[in-house]
Amino acid sequence: MTNTFKVPKGYRSKLDLLYTEFAINEVKTHFEANLAKALNLIKVSAPILLKEETGINDNLNGVERTVSFDALDVTDGNVEIVQSLAKWKRIALARFGLPLGQGLYTNMNAIRRDEELDNLHSIYVDQWDWEKVISKEERNLVTLQYEVEKIYEAIKATERYMSELHSSLTPTLPERIHFITSQELADRYPDKTPKEREDIITKQHGAVFLTQIGGLLKSGEKHDGRAPDYDDWTLNGDIILWNPVLDTAFEVSSMGIRVDEQALLYQLWEAGNNERKSLPYHQSILNGELPYTMGGGIGQSRLCMFLLRKAHIGEVHSSVWNESILKDCKEKNIPLL
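The structure contained in this document is the topic of the report that follows. (Residues numbered from 1 in each chain as written. Predicted model: local features only at pLDDT ≥ 70, side-chain atom pairs only at ≥ 80, totals over all residues. Heavy atoms only, no water.)

Bringing the nonpolar core into the picture now. Counting 53 residues, the largest nonpolar core has Trp130, Ile151, Ile239, Leu241, Met255 and Leu308 as its most contacted members. The residues touching Leu241, leaving out its near neighbours within four places in the chain, are Tyr152, Ile155, Leu173, Thr202, Gly206, Ala207, Thr248, Ala249, Phe250, Val252 and Phe306. Counting 21 residues, the second-largest nonpolar core is a separate cluster that includes Leu93, Leu264, Leu268 and Ile285. (Core = buried A, V, L, I, M, F, W, Y, C linked by side-chain atoms within 4.5 Å. Buried < 20%, exposed > 50% of the residue type's maximum accessible area, 1.4 Å probe, protein only. Contact = heavy atoms within 4.5 Å.)

Okay, structure coming up:
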């Protein structure tokens, strides 16, 4: 178990095991409908498997190992389980021919074998992955912030809805979400770690969109890692909420405007991944064959965990845990699904 595992003193779940299952469905149904309406999205089906050599699978921070295997009747390379669908969605938008301002979303189920397990992290990842078509002129911070505010309103609406259904679930989110760049945050708290900075700013404002993640700060370090070939590092960010149960900053979404030709070339060079330029997905961007888009992922279990006031992500989805976590959760009144 990692040292980030924490349990509030005297923790008791506000909903029992059966009502938790009901409530998970209530959260997902309500939020999904609000999200689709707010962002003008249609729901589509998505793959759980991708061919290894296409470059479509998300390599996250660039160091995580995929789950890869050979299949009996697929003889031209290995198959990978998706880590996220950031690149696949952009290709899907082109295939569907969706117009400006319209997009898609899907239920993404992934396996991330290198996650360190704790309250917030599981080998199994489920999220709403969404992507929409924008114009080249819309590739700016104004567009990004406008979409963030719509997502935040959908989260708040779901929080109010759940409090009406379950009196024990008291709303905590502030009226507005606060915007700040990773460099502004580093300038304000230069002696703190990135996680400590997130805790300070999120506790202060309740809800924060932290922008410009992936590139180097003035210090020569990164606030956090991002793959170089989907988000534009100057036009991305995380939605972070203050979690009153765990008393910590709590990321529920990573999103951004996707790379154009120039951003892709620069970020591949900056990350030392120039060899990826020859992959089919990257060539499609460089040749102008894919639309300009923005998109992101919103953690389904993360959002359920936050809105249902749970102390552990294993309370809102079934996964595999090591013996230490199972023992600790049992001793500390955390009922894992």
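On we go.
This next bit is on the pairing of strand E4 (residues 74-81). A regular strand places its side chains so that they alternate between the two faces of the sheet. Inspection of the sheet shows strand E2 (residues 49-51) paired to E4 by three bridges, in the antiparallel sense. Within E4, the position partnered with Leu50 by the bridge is Glu80. Taken together, the three bridges between strand E3 (residues 68-71) and E4 define a ladder with antiparallel strand orientation. Residue pairing in the sheet places Ser68 in a bridge with Glu80 of E4. In this structure, the hairpin formed by E3 and E4 is closed by a connection of two residues. (Pairing = 2+ DSSP bridges. Helix = DSSP H or I, 4+ residues; strand = E, 2+ residues; numbered from the N terminus.)

All right, on to the environment of Ile285 then. Position of Ile285 relative to the elements: it lies in helix H7 (residues 280-286). For the pair formed by Ile285 and Asp260, sequence separation is 25 residues and the distance between their alpha carbons is 6.9 Å. With sequence-adjacent residues up to four places away left out, Ile285 is seen in contact with Arg90, Val259, Asp260, Glu261, Leu264 and Leu290.

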